[in-house]
Amino acid sequence: MTANAFAGAGAGSIGETIDALVAAGVVSQADVSAATLAATAGQGVVEVLVERGVLDRATLLRFAAEAAGIEHVDLAETQIDATAAALLPGEFARRSCVLPFARRDGELHVAVPLRMVDDLELKDDIARLSRHRVRFALAGRAEIEHHMNRFYRAEGELATLTSDLEVTSDDAPDLEQLTEVTEDAPVVRFVNLLISQAISDRASDIHLEPTEHDLRVRYRIDGVLTDAHRAPRSIVGGVISRLKIMSDMNIAERRVPQDGRLTVSHGSQTIDLRVATLPTVWGEKIVARVLDNSNTRLGLDDLGFSDHNFERFKASYSKPYGMILVTGPTGSGKSTTLYATLNILNQPHVNVITVEDPVEYRLPGINQVQTNPKAGLTFASALRSILRSDPDIVLIGEIRDHETANIAVEAALTGHLVLSTLHTNDAPSALTRLVEMGIEPFLVASALDAVVAQRLCRALCARCRTPYAPDQAELDTLDIRPADLADLDGEVPQLFRAAGCSACGGTGYRGRMALHEVMPVSEELERLTVRRAPTDEISRVARGEGMTTLRDDGRLKVLQGRTTIEEVLRVVG
């Protein structure tokens, strides 16, 4: 039986691709036959081969393009022409999963997924809508969808919905009116679009802020808030109430803060959002934290530790007992670092229990407890119960008070490995902070094994970063000294600055990286803690023992071309 025999109607190029792969010895006829038996209506032979690891997607696309006699385009490495993309309506492009990326010699070059390379009707539709001759190029479906989200944004549809949603009622409709409004299709679509666009833009937070005259929507992308949309004040009640209903909150209560959680589907992903309301003078503000579960699968290698810092941190979490603290402000990636550490420590022979407020990410194989103060389940009370459940490793979401700190220290002293977070500006401050919380200095010195302080800064976009030679005045802002230059053969280092391209949305930055300060608690630091030495003295000794400060780590990553001087100064001063 040949590949074409089971390729299916309208999928000739897929059959030809499989024939070519077999002929080239990339896959065997036995693999193809087995995949044919496993294929279903929703999953073809090719998908089965890729899923089983018999065939990688890049090889598939290359052979498929050759079999179809068309170009194979890597959209990640292609400068997409926005004017070409604009020739197709966004709704049509999304529905058809196509993306025009260039215009050459009067032809519109359009990226299409494998199953559409033979679709002549689709080609005719694109030619009619764009008024251009059309040439197909093959690209991966996920790649097309990813880039499509940047060129066919939701603003146009949001603007249309905004005008449709305008009402003449006052700002405070009664409960029955609100319930009716939140079930209207335009309100539902409006809220769904806001969430979908935020996820597509890689936003970590969505801010909906009622003002005197309108509703302001902002997204936090790579740690920086940007304006996304403004809507008339008249739709505030319906939009806010819709989100509260989705998050299982009480829409009749507008005077006190509330917390909730909702789950949405975005493409093939299921995304959780943690939602919080805050009463303001102009109405309830809502902040939705986008909880990307892919962060829970990160390893410590993905977090940007320098070799020096990683070795010091690894020496601490490899011990069977003691306390490790990760410190930094809200949104500095503390939880991500702890989860990445747990991914390493979570083995079948250990019992791992966490107590969090709230549980942001569900981790397989780990017992997670969410605090509930209304029911009397606080960090302290949960910890007491946890320690009676035979744990080996305990993660405490945050040490906020004396009671929690005291139990955590006792757990570390009685044979448990305790991981937690604390709000301090740097690693040395954690020692004095615990003492200020009422923990005896000798207990802090004995229990605490290491402190990791961190900040998140934006990473330069690898596609558009621009090299330049900085002047000495600029180097001085980050204290780049002659000793640093000596490591680079005494020459002024070539640094990189942000430029801006389609891949990074014109910002010059894409994604974030962590700056770390790892401080193992040595015998000398223990002695300083016991005699209540000031933070400055602790910091001076820690640096003498090899601690790399946040600023030093930022300097290293600037010299490596991974970020900019401006970014490091923004987050560490």
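Residues numbered from 1 in each chain as written. Predicted model: local features only at pLDDT ≥ 70, side-chain atom pairs only at ≥ 80, totals over all residues. Heavy atoms only, no water.

(A) Examining the overall build of the protein more closely. Across its full length, the protein carries 24 helices and 19 strands. The burial tally for the protein puts 50% of its 573 residues in the buried class. Partitioning the intrachain contacts of the protein with sequence separation of at least 6 by distance along the chain shows that 65% fall at a separation of at least 24. In the structure as shown, the protein presents an accessible area of about 26500 Å², 49% of it carried by carbon and sulfur atoms. (Helix = DSSP H or I, 4+ residues; strand = E, 2+ residues; numbered from the N terminus. Buried < 20%, exposed > 50% of the residue type's maximum accessible area, 1.4 Å probe, protein only. Contact = heavy atoms within 4.5 Å. Areas by Shrake-Rupley, 256 points an atom, 1.4 Å probe, with all protein chains shown as cover.)

(B) Looking closely at the UniProt feature "domain: Bacterial type II secretion system protein E" (unreviewed entry) in the protein. Taking the UniProt record as the reference, the feature "domain: Bacterial type II secretion system protein E" (unreviewed entry) is found at residues 387-401. Here residues 387-401 is 7% helix and 27% strand, with 18 Å between the C-alpha atoms at its ends. (UniProt positions renumbered as here; feature names shortened; annotations may be inferred.)

(C) Inspection of the packing of helix 17 (residues 428-436) against helix 22 (residues 535-544) at higher detail. Between helix 17 and helix 22, the shortest axis-to-axis distance is 8 Å and the interhelical angle comes to 145°. Classified by chirality, the crossing of helix 22 by helix 17 is right-handed. Contacts between helix 17 and helix 22 pair Pro428, Ser429, Leu431 and Thr432 from the former with Thr535, Ile538 and Ser539 from the latter. Per-class residue counts for the contact of helix 17 with helix 22 are three nonpolar, four polar and no charged. (Axes fitted to C-alpha atoms, helices over the stretch in contact; angles between N-to-C directions. Left-handed = near helix turned anticlockwise from the far one by under 90°. Nonpolar A, V, L, I, M, F, W, Y, C, P; charged D, E, K, R; others polar.)

(D) Expanded view of the nonpolar core. Residues Met323, Leu325, Ile396, Ile399, Leu434, Leu448 and Met519 are the most contacted members of the largest nonpolar core, which totals 54 residues. The greatest single-element share of this core, amounting to six residues, is contributed by helix 16 (residues 402-413). Not counting chain neighbours up to four residues away, the residues in contact with leucine 448 comprise Met323, Leu325, Leu431, Leu434 and Val521. Within the second largest apolar cluster, 28 residues are counted, among which are Leu194, Leu208, Ile221 and Met249. (Core = buried A, V, L, I, M, F, W, Y, C linked by side-chain atoms within 4.5 Å.)

(E) Layout of the sheet that holds strand 19 (residues 509-520). As summarised here, the arrangement of the seven strands in space is 13-12-14-15-11-16-19, forming an open sheet in which the pairing is mixed. Each having just a single partner strand, strand 13 (367-370) and strand 19 make up the two edges of the open sheet. Taking the axes of each pair of neighbouring strands and ignoring which way they run, one obtains an average angle of 20° across the sheet. Two strands pair when backbone bridges link them, and strand 12 (residues 352-356) and strand 14 (residues 393-396) are joined in this way by four bridges, in the parallel orientation. (Pairing = 2+ DSSP bridges.)

(F) Representation of the sheet that holds strand 3 (residues 107-112) in the model. Within the open sheet, the four strands sit side by side as 1-4-3-2. Their pairing is mixed. Only two strands of the sheet have a single neighbouring strand rather than two, namely strand 1 (71-72) and strand 2 (99-104). Direction of pairing for strand 2 relative to strand 3: antiparallel, over a ladder of five bridges. Across the sheet, arginine 104 pairs through a bridge with glutamate 107, a residue of strand 3. Packed onto the sheet, helix 7 (residues 120-130) meets strand 3 and strand 4 (133-138) and runs at close to 130° relative to strand 4.

(G) Focus on a negative patch on the surface. On the surface, a cluster of negative charge is made up of Asp118, Asp119, Glu121 and Asp124. Note on placement: aspartate 124 falls in helix 7. (Patch = residues over 30% accessible without salt bridge, like charges linked within 9 Å, V, L, I, M, F, W, Y side chains within 5 Å. Salt bridge = Lys/Arg side-chain N within 4 Å of Asp/Glu carboxyl O. Lys, Arg positive; Asp, Glu negative; His and termini not counted. Charge placed at Lys NZ, Arg CZ, Asp CG, Glu CD.)

(H) Layout of helix 7. Among the residues of helix 7, those classed as buried are Leu122, Ile126 and Ser130. Down the axis, helix 7 shows its buried residues gathered within 55° of arc, on one side only. Along helix 7, the residues that are exposed and aim more than 90 degrees away from the buried face are Leu120, Glu121, Asp124 and Arg128. For helix 7, the side-chain oxygen to backbone nitrogen distance between the N-cap and glutamate 121 is 3.3 Å, and the N-cap itself is aspartate 119. The first or second residue beyond helix 7 is arginine 131, which carries a positive phi of 60°. (Arc of directions from axis to C-beta. Polar contact = N/O pair within 3.5 Å; in protein donor to acceptor, adjacent residues only side chain to side chain.)

(I) Summary view of the pairing of strand 7 (residues 224-232). Of the strand pairs in this sheet, strand 6 (residues 214-221) and strand 7 are connected by eight bridges, and their pairing is antiparallel. Across the sheet, residue tyrosine 219 finds its bridge partner in strand 7, namely threonine 226. Two successive antiparallel strands, strand 6 and strand 7, enclose a turn made up of two residues, where aspartate 222 displays a positive phi of approximately 55°.

(J) Spotlight on the confidence of the model for the protein. Chain-level pLDDT for the protein is 82 on average; 81% of the residues reach the 70-or-more range. Across residues 1-11 the pLDDT falls below 50, and counting only partners more than four positions away or on other chains, this stretch makes 16 contacts in the model. Counted against residues more than four places away or in other chains, residues 167-173, with its pLDDT under 50, gives six contacts. (pLDDT = per-residue confidence, 0-100.)

(K) Highlighting the pairing of strand 8 (residues 259-266). Of the two faces of strand 8, only the one carrying Gly260, Leu262, Val264 and His266 is buried; Asp259, Arg261, Thr263 and Ser265 on the other face are not. Bridge count between strand 8 and strand 9 (residues 269-280): eight bridges; the pairing is antiparallel. Within strand 9, the position partnered with aspartate 259 by the bridge is alanine 276.

(L) Local environment of the side chain of threonine 421. For threonine 421, the position within the fold is in strand 15 (residues 417-422). Separated by 2.7 Å, the side chain of threonine 421 and the backbone oxygen of glycine 397 make a polar contact. Ignoring sequence-local partners within four residues, the contact set of threonine 421 consists of Val326, Lys334, Leu338, Ile396, Gly397, Glu398 and Ile399.

(M) Region of interest: the packing of helix 21 (residues 523-530) against helix 22. The interhelical angle for the contact between helix 21 and helix 22, taken along N-to-C directions, is 175°, at an axis separation of 10 Å. Classed by the angle they form, the pair helix 21 and helix 22 counts as roughly antiparallel. On helix 22, the residues that touch Glu524, Leu525 and Leu528 of helix 21 are Glu537, Ile538, Val541 and Ala542. When the residues that make up the contact of helix 21 with helix 22 are grouped by side-chain class, the tally is five nonpolar, no polar and two charged. (Parallel < 35°, antiparallel > 145°, perpendicular 65-115°, else oblique.)

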